[in-house]
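Tertiary structure, described
Chain residues, written in single-letter form:
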Amino acid sequence: MPRGRYSLHDLHDHTLLAEEHFQCAPGPSGWRYVSRLTTPTGDHAGSVDLALDELGRPIRLELHSAGWQVRGAALDGVTWVRTDPTGTHATEGNVRAHAFTGTSPAFLVATARLLRLTPSSSATRVRLVSFTDPVLAPLTVDQSWALITSEAHTTDNAPLIVDEYQVTALDTGERHTVHIAGDVVLAAPGIELEHLESPPSAFT
């Protein structure tokens, strides 16, 4: 069960925004990721709880940030309920999309798991609902994912397979690279893996 810490940075000036303390593990029904976020001063800033089924579809999502809460799942596309900080108003949303995304590294692992690309496969288009920080506002985004390389790196234990993805935002054409090993993001824009207590889990 990988357990560790990511640092999340502003994409423009690289300011540290938060640290995400996480643990994740595959199970008989899929994969689960839980984390808590803290500000650079150590204050609580939110949490992520994401569970996928064996096909990589989100069967449960719960996000907390700045008093806001989102609960969602794959249902007729993706469906979610967003609640305001006072708890008096809740809004429901539904989009014909494949999955969710956001600032947490969990969503990169989830999308890669959902698409199951190979280096020989062509780029695949995916529609996602993104929840933007800090108020978890929903935004539908279209991306293109391609697996560029999959390389084995020697470690003290078993070889570590690192997948390099090219992700393109289809509305702007902006491209970036994501490196994932098993169920851990090694590097991505705005994301740095600061600490890892145990090796990544390998998906079967």
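Residues numbered from 1 in each chain as written. Predicted model: local features only at pLDDT ≥ 70, side-chain atom pairs only at ≥ 80, totals over all residues. Heavy atoms only, no water.

As annotated in an unreviewed UniProt entry, the protein carries the name Glycolipid-binding domain-containing protein and is attributed to Streptomyces colonosanans.

In this structure the tally under the stated criterion is six aromatic pairs. Plain terms: the ring middles of Phe 22 and Tyr 33 are 5.7 Å apart, the flat faces sit at 5° to each other, and that makes the pair stacked. Of this pair, Phe 22 sits in strand β2 (residues 16-27) while Tyr 33 sits in strand β3 (residues 30-38), and the two are 11 residues apart along the sequence. Each member of the pair Phe 22 and Tyr 33 is classed as buried. The interplanar angle of 35° and the centroid separation of 5.6 Å between the aromatic rings of Phe 100 and Phe 131 together place this pair among those described as tilted. Of this pair, Phe 100 sits in strand β9 (residues 99-101) while Phe 131 sits in strand β10 (residues 124-132), and the two are 31 residues apart along the sequence. Residue Phe 100 shares its accessibility class with Phe 131, and that shared class is buried. In textbook terms, an aromatic cluster arises when at least three aromatic residues are bridged by ring pairs, as seen for Tyr 6, Phe 22, Trp 31 and Tyr 33. (Phe/Tyr/Trp six-rings, centres within 6.5 Å; stacked < 30°, edge-to-face > 60°. Helix = DSSP H or I, 4+ residues; strand = E, 2+ residues; numbered from the N terminus. Buried < 20%, exposed > 50% of the residue type's maximum accessible area, 1.4 Å probe, protein only.)

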